Amino acid sequence: MAPTPQTARIDRASRLTPTTGTLPTAPDLATYAVQGGDARHGMSQVQRPSWRTANRQPAAWHLIPLVALLLAISLALGACGSGASESSSGTTTSAAATQATGKGADKGIDVEPTKGMDFIVGFDSSYPPYGFIADDGSYTGFDLDLAKEVAARNGWKFTAQPINWDAKDAELDSGTITALWNGFTLEGREDKYTFSAPYMLNAQVVVVKKTSGITDLGSLAGKAVVTQVDSAALDVLKNNQKDLAATFGSLEERPDYDEAFMELKAGAVDAVACDLSIAQYQMAAQPGTYTQLPTSLSDEHYAVGFKRGSAKLADAVTATLRQMSADGTVEKIAKKYAAYGLSYSNWQLK
C-alpha cells in the first residue's frame, strides 16, 4: 500500500567523495630507475662505479660511468614505456567496466547495458508522488516503482539514491548515480543529458490558497512567488515567462516544494510555481486549501535523464517501459498513487 500523502517527509543525502593525489618529482636518472612506470611505487637505487676508482684504471675504464649512465637512461625509458602501456590498458578496461555499472563513465562513451550492472537512480525524496519516504521509512513513489521494475526485467541491481536536487549534475557526472528519474522535465535540457523517450505528460502551473483572491496569472502582479531551486518552473519563469515574472513582487527559490507549500499555507508567500504533478499532490493532500490557476506556464514531458552519450542505456529503459505499458504493469502502478492526484491518462508510452 502506498503511504498517505500527509505522511511524506524529507530525507535527502549527497554523497560526493572527490579524491586528490600528487606525483613525486623525477629523480636523477643516473641514480634511480622507475619500477614498472607507476609513479606511486618506490624507486630503487642503481649502483654506480666510483669515479675515484675509475680514475686509477687505464683510460678505457673512464668509459664505465658513461656506459652506466646510458644504461640507466635506457632502462628508465623502457620501464616508462612499458608502464604507460599497462596503465593505458588498465584505464581502458576500468572505464568500460565502470560505464557498464553506471559509475565513473565519461561523457560520450556509450556502452551496452549488461545483466548484473548497478542501476542507481538519483531522486529527490521530498517529491511525491514520484519519489518520497513511506510510512515505514522506505523510499517509494511512482517513478521509483517504475525504475525498480525496469531493473528487475533487465537483471540490473536497483538502488534508490536520494540526492540534493541542486547537486544532481555533480552526482551524475561523478558516477554516484546512473540516472535521474524523479519527475524530470525533458524540455530545455535536451543538450545537457541523454534522455529516454518521454513517458509522462506534465505542465508548469501556479498554485495559490483558495481564499487568496488570486484568480489568474495577471493577479500575481506584486505578489510573492516561490519555486524549487533549479526546477523546471524556475527555468520557465526566467526564460519563456520572464515578462510575467517581472510583474511579481518577488520570485524566490526554496530547497524543496515541501518548504514552499508550508510557507504558502502559513501565508508567508502568495503563490508556488511547480510541476502539475506536485500541484495535484498538494491539492489532494489538503482538500479545500489550495487551487490551481487555470492557465499553465508551460506544457512539457517527463523523461529519464542519463549522462550525455548513454544512448544504449536510455533506449533499453524506453523499450522496457513500453513493454510494461503493454502488459498493464504501468497502469497498475499508477493506480497505487491515484490518491496523490496521479493519473494514468497522462502516460505517453502506449
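Residues numbered from 1 in each chain as written. Predicted model: local features only at pLDDT ≥ 70, side-chain atom pairs only at ≥ 80, totals over all residues. Heavy atoms only, no water.

Caption draft 1: Geometry of the packing of aromatic side chains. All told, the structure shown has 19 aromatic pairs when counted by the stated rule. Ring geometry for Tyr-130 and Phe-142: centres 5.9 Å apart, planes at 80°, overall edge-to-face. Placement of Tyr-130 in the loop between strand E4 (126-127) and strand E5 (131-133) and of Phe-142 in helix H3 (residues 142-154) is noted, with a sequence separation of 12 residues between them. As far as burial versus exposure is concerned, Tyr-130 and Phe-142 are alike and both buried. (Phe/Tyr/Trp six-rings, centres within 6.5 Å; stacked < 30°, edge-to-face > 60°. Helix = DSSP H or I, 4+ residues; strand = E, 2+ residues; numbered from the N terminus. Buried < 20%, exposed > 50% of the residue type's maximum accessible area, 1.4 Å probe, protein only.)

Caption draft 2: Looking closely at the packing of H3 against helix H9 (residues 311-326). Remark: H3 packs on H9, axes separated minimally by 10 Å, with the N-to-C direction vectors making an angle of 105°. If you check the angle between H3 and H9, you find them roughly perpendicular. Contacts between H3 and H9 pair Leu-146, Glu-149, Val-150, Arg-153 and Asn-154 from the former with Val-317, Thr-320, Leu-321, Gln-323 and Met-324 from the latter. Residues belonging to the contact of H3 with H9 are distributed by class as follows: 5 nonpolar, 3 polar and 2 charged. (Axes fitted to C-alpha atoms, helices over the stretch in contact; angles between N-to-C directions. Parallel < 35°, antiparallel > 145°, perpendicular 65-115°, else oblique. Contact = heavy atoms within 4.5 Å. Nonpolar A, V, L, I, M, F, W, Y, C, P; charged D, E, K, R; others polar.)

Caption draft 3: Summary view of the sheet that holds strand E16 (residues 305-306). One open sheet holds the 5 strands; their spatial order is E7-E3-E8-E16-E9, and the pairing between them is mixed. Only two strands of the sheet have a single partner each, and these edge strands are strand E7 (157-162) and strand E9 (194-195). Summarising the sheet, strand E3 (residues 118-123) and strand E8 (residues 179-180) pair through 2 bridges and their orientation is parallel. Paired with Gly-122 across the strands is Leu-180, a residue of E8. (Pairing = 2+ DSSP bridges.)

Caption draft 4: Structural detail: the pairing of strand E13 (residues 271-275). Burial runs high along E13: 5 of the 5 residues are buried. Across 4 bridges, the pairing between strand E10 (residues 200-209) and E13 is antiparallel. Looking across to E13, one finds that Gln-204 is bridged to Asp-275.

Caption draft 5: Spatial organisation of the pattern of salt bridges. Summed over the entire model, instances satisfying the criterion amount to 9 salt bridges. Lys-238 is the salt-bridge partner of Glu-253, the closest N and O atoms lying 3.9 Å from each other. Pair noted here: Glu-253 is in strand E12 (residues 250-254) and Lys-238 is in helix H5 (residues 232-238), with a separation of 15 residues, a long-range link. (Salt bridge = Lys/Arg side-chain N within 4 Å of Asp/Glu carboxyl O.)

Caption draft 6: Quick peek at the packing of H3 against helix H10 (residues 329-336). Two elements in contact, H3 and H10, have axes whose closest approach is 9 Å; the angle formed by their N-to-C orientations is 150°. It follows that H3 is roughly antiparallel to H10 by the angle criterion. Considering how the two elements wind past one another, H3 and H10 form a crossing that is right-handed. On H10, the residues that touch Phe-142, Asp-145, Leu-146, Glu-149 and Arg-153 of H3 are Thr-329, Val-330, Ile-333, Ala-334 and Lys-336. (Left-handed = near helix turned anticlockwise from the far one by under 90°.)

Caption draft 7: View of the nonpolar core. Counting 71 residues, the largest nonpolar core has Phe-119, Phe-142, Leu-146, Trp-181, Tyr-199 and Leu-321 as its most contacted members. Setting aside its immediate chain neighbours within four residues, Leu-146 contacts Trp-181, Tyr-199, Leu-321, Met-324, Val-330, Ile-333 and Trp-347. (Core = buried A, V, L, I, M, F, W, Y, C linked by side-chain atoms within 4.5 Å.)

Caption draft 8: Highlighting the pairing of strand E11 (residues 224-228). Burial runs high along E11: 5 of the 5 residues are buried. By the alternation rule, side chains of E11 split into Ala-224, Val-226 and Gln-228 and Val-225 and Thr-227, which are all buried. One ladder, built from 5 bridges, connects E11 with E12; its direction is parallel. Within E12, the residue paired with Val-226 across the bridge is Glu-252. Where E11 and E13 come together, 2 bridges link them in parallel fashion. Considered in E13, the bridge of Val-225 is made with Ala-271.

Caption draft 9: The sheet that holds E4, seen in detail. Taken together, the 3 strands give an open sheet; going across it, the order is E4-E5-E6, and neighbouring strands pair in antiparallel fashion. Edge positions in the sheet fall to E4 and strand E6 (139-140), since each has one partner strand and no second. When E5 meets E6, the two strands line up antiparallel, connected through 2 bridges. For Phe-132, the partnering residue across the bridge sits in E6 and is Thr-140.

Caption draft 10: Structural view of the confidence of the model for the chain. Looking at the chain, pLDDT values average 78 and 69% of them are 70 or higher. Low pLDDT (under 50) marks residues 6-62, which in the prediction has 85 contacts with non-local residues, meaning those over four places away or in another chain. In the predicted structure, residues 75-106 sits below a pLDDT of 50 and forms 36 contacts with residues beyond four places in sequence or in another chain. (pLDDT = per-residue confidence, 0-100.)

Caption draft 11: Examining H9 more closely. With 16 residues, H9 should reach 22 Å at 1.5 Å per residue; the first-to-last C-alpha distance of 23 Å fits that figure. Buried within H9 we find Leu-313, Ala-314, Ala-316, Val-317, Thr-318, Thr-320, Leu-321, Met-324 and Ser-325. Downstream of H9 by one or two residues, Gly-328 has phi in the positive range, about 90°. (Expected span 1.5 Å × (residues − 1).)

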